[in-house]
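Structural features, examined
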Amino acid sequence: MRKITSTNKLDYIYLDYHSTTPVDKRVAEMLLHYMTTEFGNASSIDHIYGDSAKEAVAQASTNVAKLVGASSKEVIFTSGATESINLVIQGSIPINNIAKIKPCIAVLPLEHKAVLDSCNMLVKKNLVEIINLQVNSQGRLDLDYLEKVCAVGISLLCVMAANNEVGNIYPIQEVGKIAQKYNIPFLCDASQAVGKISINFEEWGITYLAISAHKLYGPKGSGALIVRKGLQLNPILFGGGHQKGLRSGTLNVPGIVGLGEACRLRMLEMDGDEKAIANLRDKLQGLLLDKIPGLVINGDVDNRLSGNLHISIPDVPNSAIIARVRQKLAISTGAACSSGVQAPSHVLQAMKLPTDIIDGALRIGIGKFTKLEEIEQAAEILSSAVQQTRQVMYS
Ligand code: PLP
């Protein structure tokens, strides 16, 4: 395998920003500083190394909270959105269920596996029941059905702010209103949305908000959970009682500082960056529609992340396209998959899309470092890959 180096990286085009983003150099510089110079343990109370680490963590809490309209006291740092989500889903199930009524969790079926598999694990242990919310073929959420489900009474509602495959942006403000009306705790996985669209935790009736640093130009292995004031969760990690006992473990100060700085920069630059990104996405969409007959755009095209372009070429399997482009262009068939085994996307299946659309699906993710030339080249690379594949298939 050819290695990507700082000199040859310009030969590759990275359009997989939903999977992860490059760390902003300004963020990386801060990380390095907090790894090598101000490297103290934020819990060390006996010297200035500890003091400066603690101060840096406090500053990061402020930056994270500001970006999502929360209070810095509501921020818990974690290893990423997966942990944040697990903490809410596992931590909100009563340990001694005296009531003996099985808690019920309502989920958007397009949620990330971190939500779905956490719920499934509890179902397997016979601890909860799951209700799937309803969506249409664009992945839009049926709010009337959601309200009916909330009216019956559930113990947790999970609706993501933006989807990691088709890029749909969900009406979190409206969902939060319904959740508040029926007093339902509401977990919003905002991994793909934070730093790309405005979010107001305090005003939108969100109870728990999951954030991941590596989706907003911060480091991997760092994230946060915003927990509404006064709410209790059962911890899933035990130890030194850090972070009010909710998440034990020595704080990852560089990661936390990196998340905080990434949030601060997003606050300043998000609007301008996202406009430019949307222009590039629209350009690419136009080029691909022109060059590839039969191309279909998936998802809710009126409410999607500015960097998302999710397409299907129904007569061409996505694996054939990936095989042809992978040495030049980084795009994906769906969510990043840890097992290495590609299964049909559960997101597209939940939208009840036809098999040929699912089999021909490609996710393109554009970000703030993407250039116009790369968009033009990507359109060329993709359209010739489709043409060549079709030639082989139909000759
Ligand atoms: N939720 C969504 C919507 C995601 O896109 C991801 C990352 O792929 C996660 C959760 C998991 O985030 P992390 O990698 O921080 O655990």
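Residues numbered from 1 in each chain as written. Predicted model: local features only at pLDDT ≥ 70, side-chain atom pairs only at ≥ 80, totals over all residues. Heavy atoms only, no water.

Heads up, the condition is: UniProt positions are given in the numbering used here, feature names are shortened, and annotations may be inferred rather than shown by experiment.
An unreviewed UniProt entry lists the protein under the name Cysteine desulfurase, from Nostoc parmelioides FACHB-3921. Per its UniProt entry, the protein bears the Catalytic activity (unreviewed entry) comment "(sulfur carrier)-H + L-cysteine = (sulfur carrier)-SH + L-alanine".

**Points about the side chain of Glu 165**
To keep it simple, the criterion reads: To qualify as a helix, a DSSP run of H or I must reach at least 4 residues; to qualify as a strand, a run of E must reach at least 2; elements of each kind are numbered from the N terminus. In the analysis that follows, any N or O atom pair within 3.5 Å is treated as a polar contact, provided that within protein one partner can donate a hydrogen and the other can accept it, and provided that, for residues neighboring in sequence, both atoms belong to side chains.
Locating Glu 165 in the fold gives a position in the loop between β5 (156–158) and α6 (172–181). Within the local environment of Glu 165, its side chain forms a polar contact with the side chain of Ser 345, the two groups lying 2.7 Å apart.

**What to know about the sheet that holds β5**
Rules: Should DSSP find at least two bridges between two strands, the strands are regarded as paired. With axes taken as lines fitted to C-alpha atoms, and helix axes fitted only over the stretch in contact, angles between N-to-C directions fall between 0 and 180 degrees. Contacts are assigned to residue pairs that have any heavy atoms within 4.5 Å of one another.
With respect to topology, 7 strands assemble into an open sheet ordered β2-β8-β7-β6-β5-β3-β4, the strand pairing being mixed. What marks the edges here is a single partner per strand, and that holds for β2 (75–78) and β4 (129–132). Mean inter-strand twist for the sheet, computed between neighbouring axes without regard to direction, equals 20°. Direction of pairing for β5 relative to strand β6 (residues 186–189): parallel, over a ladder of 2 bridges. Bridge pairing links Cys 158 to Leu 187 in β6. Relative to the sheet, helix α2 (residues 48–68) contacts β2, β7 (208–212) and β8 (223–227), its axis offset from that of β2 by approximately 110°.

**Details of the pairing of β7**
To be explicit about the condition: Burial classification: accessible surface area is computed with a 1.4 Å probe over protein chains only, and a residue below 20% of its type maximum counts as buried, one above 50% as exposed, and the rest as partly exposed.
Counting buried positions along β7 yields 5 of 5 residues, so the element is predominantly enclosed. Across the two faces of β7 the burial is the same, with Tyr 208, Ala 210 and Ser 212 and Leu 209 and Ile 211 all buried. As defined by bridge partners, β6 adjoins β7 across 3 bridges and the pair is classed as parallel. Opposite Cys 188, over in β7, you have Leu 209 as the bridge partner.

**Brief notes about the sheet that holds strand β9 (residues 296–297)**
What the 3 strands build is an open sheet, ordered β9-β10-β12; its pairing is antiparallel. Unpaired on one side and paired on the other, β9 and β12 (361–365) mark the two borders of the sheet. Taken together, the 5 bridges between strand β10 (residues 308–312) and β12 define a ladder with antiparallel strand orientation. Looking across to β12, one finds that Leu 309 is bridged to Ile 364.

**Remarks on the site of the ligand**
Put simply, the rule is: In this text, near means that some heavy atom of the residue lies within 4 Å of the molecule or strand in question. In these tables, accessible area is a Shrake-Rupley quantity obtained with a 1.4 Å probe, and a residue counts as shielded only by the protein chains included in the view. Just so you know the grouping, Ala, Val, Leu, Ile, Met, Phe, Trp, Tyr, Cys and Pro go in nonpolar, Asp, Glu, Lys and Arg go in charged, and all remaining residues, Gly too, go in polar.
Residues in close proximity to the ligand include Gly 80, Ala 81, Thr 82, His 112, Met 160, Asn 164, Asp 189, Ser 191, Gln 192, Ser 212, His 214 and Lys 215, which together make up its full environment. Here an oxygen atom of the ligand sits 2.5 Å away from a polar atom, N or O, in the side chain of Thr 82. Protein coverage of the free-state accessible area of the ligand, which is 390 Å², stands at 86%. Grouping the constituent residues of the shell around the ligand by class yields 2 nonpolar, 8 polar and 2 charged.

**Observations concerning the nonpolar core**
The following threshold applies: What makes a nonpolar core is a set of buried Ala, Val, Leu, Ile, Met, Phe, Trp, Tyr and Cys residues whose side-chain atoms join them at distances within 4.5 Å. Residue ranges assigned to the domains are those given by an automatic or database domain assignment.
In terms of nonpolar packing, the biggest core is built from 70 residues, with Leu 157, Val 159, Ile 199, Leu 209 and Ile 211 touching the most fellow members. Looking at this core, the element that brings in the most residues is α2, giving 8 residues. Each of domain 1 (9–23 + 270–394) and domain 2 (25–265) accounts for three or more of the residues forming this core. If near-sequence neighbours (up to four positions away) are discounted, Leu 157 is found in contact with Ala 106, Leu 133, Leu 146, Cys 150, Val 175, Ala 179, Ile 184, Pro 185, Phe 186 and Leu 187. Leu 15, Tyr 17, Leu 362 and Ala 378 belong to the second largest nonpolar core, which has 30 residues in total.

**A look at the domain arrangement of the protein**
Quick note on the threshold: Throughout, the accessible surface (probe 1.4 Å) given up by two parts as they are put together, summed over both, is called the buried area. The rule for a salt bridge is simple: a side-chain nitrogen of Lys or Arg has to be within 4 Å of a carboxyl oxygen of Asp or Glu.
Partitioning the protein into structural domains gives domain 1 (9–23 + 270–394) and domain 2 (25–265). Distance from the C-alpha centre of domain 1 to the C-alpha centre of domain 2: 28 Å. With 32 residues of domain 1 at the contact, the number on the domain 2 side is 37 residues. For the domain 1 and domain 2 pair, buried surface summed over both sides reaches about 2900 Å², with 53% attributable to carbon and sulfur atoms. Seen at the junction of domain 1 and domain 2, the total is 2 salt bridges. Arg 140 is the salt-bridge partner of Asp 300, the closest N and O atoms lying 2.8 Å from each other. In this assembly, domain 1 and domain 2 are joined by 18 residue pairs in polar contact (both at pLDDT 80 or more). Per-element tally for the side of domain 1 that touches domain 2: the top contributor is helix α9 (residues 346–350), with 4 residues. Here the side of domain 1 that touches domain 2 is composed, by residue class, of 13 nonpolar, 13 polar and 6 charged.

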